[in-house]
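Structural description and commentary
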Amino acid sequence: MSLVKRTIGVAASVAVAFATFVAPAQAAPANCDGDMKLIFQGGLTGSAAQTGIGEYNGFKLAVLQYNEKRGSGPKVEPGFIDTQADPAQTPPLALATVNDACVIGVVGGMYSGETRAALPIYLKGGLPVISPSATNETLPAVGGDVFHRVVANDGVQGPALAKLAGNQPNAKVFIVDDQTTYGKDLAKIVKAKLAKNKQVGSDSVATGTTNFTSVVAKVKKSGANTVFFGGYYPEASKFVKQLRDNAATKNVKFIAGDGVLDNEYIKLAKKNAEGTSMTAPYIPMERADKALTAIYKKEYGVAPAVYTLEAYNAAGFFLAAVKAGNDTRAEILTYINKNSYKGVGQTLKFDAKGEPATKVMNEFIVKNGKIEYVGAIK
């Protein structure tokens, strides 16, 4: 029987209580009457589900492999809270997670906004967090010593994007953001790092925007040959299509950060995604470990997604703490703060702010309908 089939219903049972808003916890509950639980936080339904499912599968695979080999060690149940990557939906789910005495840690959140909404609650409950993919620079100030992330933040990604945009031939860059915690702050960094004489305009849109007509008109008027979009793939797919549909903007270079780096972007944008360049502080599982990739494909029937490996390694750090004999939130937090973990393709070690000691930033491009790795941006 596959690992996946053996866990059907586990995540659902863990999440049942999360529909009710509970009083804020002052500290971790005193007693756990069952197995320890490790929770994934992210969007498993909604517009961001493809990224969330890829991360959750990586997280779950790590936990299931641990349980397969644990011997007499404690069992860890993989669970989830489905925030739909929405900050507004996150607080009650985070509160219920903290108030579950068996929860020892959280792998997540997936996006910066939902992560920021949850961190004060996790901090109050002393619940350690390792995010596979939230990149906003301000998160350590919100999460205190419980917050950690696997990936380099937007203070690294923003300058890389500015370099990528500025290096386009005769670069004339128009900058657009989606007003989210992630997109707005990333665009702000790009503006600060990109030479002013290469910037020809900027604009903002609301999350969920489907009609980019006014933005396309501004891009046309500015004479831009490059557009940077700070946001996520649902909006990016519509934006790039409308740029391509306009004769004056159909040939602009479209550049975005890791919020757009997903196969769902290509599925939604179709041929319009071709030539899009993106950055991401992530390592494709296929490049890091072919054997693990084969296991993943066998279990889930699909290829690993963006940040699948990072979620796998984040879970692995928690499981290493459990394997070392730690079974309380405080003990596990101390272990994560003081130790390193040799994951697949990367060694995790966090500084005092929870930032990774080793930072990766890579460039990707959509070519022949597929996302291809280009190389590291230094």
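Residues numbered from 1 in each chain as written. Predicted model: local features only at pLDDT ≥ 70, side-chain atom pairs only at ≥ 80, totals over all residues. Heavy atoms only, no water.

**Observations regarding the packing of helix H2 (residues 49-69) against helix H13 (residues 308-323)**
Think of two packed helices as two axes; the pair is described by the angle between the axes and how far apart they sit. Viewed as axis vectors pointing N to C, H2 and H13 meet at an angle of 30°, and their least axial separation amounts to 7 Å. Classified by chirality, the crossing of H13 by H2 is right-handed. Contacts between H2 and H13 involve Gly-54, Glu-55, Gly-58, Phe-59, Leu-61, Ala-62, Val-63, Gln-65 and Tyr-66 from the former and Thr-308, Ala-311, Tyr-312, Ala-315, Gly-316, Leu-319 and Val-322 from the latter. (Axes fitted to C-alpha atoms, helices over the stretch in contact; angles between N-to-C directions. Helix = DSSP H or I, 4+ residues; strand = E, 2+ residues; numbered from the N terminus. Left-handed = near helix turned anticlockwise from the far one by under 90°. Contact = heavy atoms within 4.5 Å.)

**Examining the nonpolar core**
The biggest cluster of nonpolar side chains holds 90 residues, and the ones touching the most others in it are Leu-38, Phe-59, Phe-228, Phe-239, Phe-254 and Tyr-265. No other element matches H13, which puts eleven residues into this core. In this view, Phe-239 contacts Val-176, Phe-212, Val-215, Val-216, Val-227, Phe-229 and Phe-254; residues no more than four positions away in its chain are not counted. One finds Val-98, Tyr-122, Ala-134 and Phe-147 within the second-largest nonpolar core, a separate group that totals 20 residues. (Core = buried A, V, L, I, M, F, W, Y, C linked by side-chain atoms within 4.5 Å. Buried < 20%, exposed > 50% of the residue type's maximum accessible area, 1.4 Å probe, protein only.)

**Examining the sheet that holds strand E2 (residues 76-82)**
Taking strand neighbours across the sheet as the criterion, the five strands line up as E2-E1-E3-E4-E5 in an open arrangement whose pairing is parallel. In this open sheet, the two edge strands, each paired with only one partner strand, are E2 and strand E5 (147-149). Within the sheet, the average angular offset between the axes of one strand and its neighbour, ignoring direction, is 25°. Along the sheet face, helix H3 (residues 90-98) touches strand E1 (36-42), E2 and strand E3 (103-107) and points at about 160° away from the line of E2. (Pairing = 2+ DSSP bridges.)

**What about the packing of H3 against helix H4 (residues 112-124)?**
At a closest axis distance of 9 Å, the pairing of H3 and H4 adopts a crossing angle of 35°. With respect to the hand of their crossing, H3 and H4 are arranged in right-handed fashion. Only Glu-114, Ala-117, Ala-118, Ile-121 and Tyr-122 of H4 make contact with H3, whose side of the interface consists of Thr-90, Pro-91, Ala-94, Leu-95, Thr-97 and Val-98. Tallied by class, residues from the contact of H3 with H4 come to eight nonpolar, two polar and one charged. (Nonpolar A, V, L, I, M, F, W, Y, C, P; charged D, E, K, R; others polar.)

**What about the pairing of strand E9 (residues 253-256)?**
A two-sided burial pattern is seen for E9, the buried positions comprising Lys-253 and Ile-255 on one face and Phe-254 and Ala-256 on the other. Between the parallel pair strand E8 (residues 226-230) and E9, the chain is carried across by helix H9 (residues 233-245), and the sense of this crossover is right-handed. Where E9 and strand E10 (residues 277-280) come together, two bridges link them in parallel fashion. The residue bridging Ile-255 from the neighbouring strand is Ser-277, located in E10. (Right-handed = clockwise from strand over helix to strand, strands pointing away.)

**Focus on the side chain of Gln-346**
Looking at the secondary structure, you find Gln-346 in the loop between strand E11 (341-342) and strand E12 (347-348). At a separation of 3.0 Å, a polar atom in the side chain of Gln-346 contacts the side chain of Asn-313. Once residues within four sequence positions are removed from consideration, Gln-346 is found in contact with Val-150, Ile-283, Glu-310, Asn-313 and Tyr-341. (Polar contact = N/O pair within 3.5 Å; in protein donor to acceptor, adjacent residues only side chain to side chain.)

**Observations regarding the state of the cysteines**
Taken as a whole and judged by the stated rule, the model has one disulfide. Residue Cys-32 pairs covalently with Cys-102 via a disulfide, S to S 1.9 Å. Handedness here is read from the sign of the S-S torsion; for Cys-32 and Cys-102, about 100°, the answer is right-handed. Note that Cys-32 is positioned in the loop between helix H1 (10-15) and E1 and Cys-102 in the loop between H3 and E3, a separation of 70 residues in sequence. (Disulfide = S-S within 2.5 Å.)

**Observations concerning the confidence of the model for the chain**
Per-residue pLDDT for the chain has a mean of 92; in total, 92% of the residues score no lower than 70. Here residues 1-28 is a poorly scored stretch, pLDDT under 50, and it has 49 contacts once near neighbours within four places are set aside; other chains count. (pLDDT = per-residue confidence, 0-100.)

**Description of the sheet that holds E8**
Spatially, E7-E6-E8-E9-E10-E13-E14 is the arrangement adopted by the seven strands of the open sheet, whose pairing is mixed. Strands with a single pairing partner mark the edges of an open sheet, and in this sheet they are strand E7 (199-204) and strand E14 (370-376). Each strand of the sheet is rotated relative to its neighbour by a mean of 20°, with strand direction disregarded. Across six bridges, the pairing between strand E13 (residues 362-367) and E14 is antiparallel. Across the sheet, the residue bridging to Val-366 is Ile-371, located in E14. Strands in contact with helix H8 (residues 213-222) are strand E6 (173-177), E7 and E8; relative to E6, the strand with the most contacts, it is inclined by about 160°.

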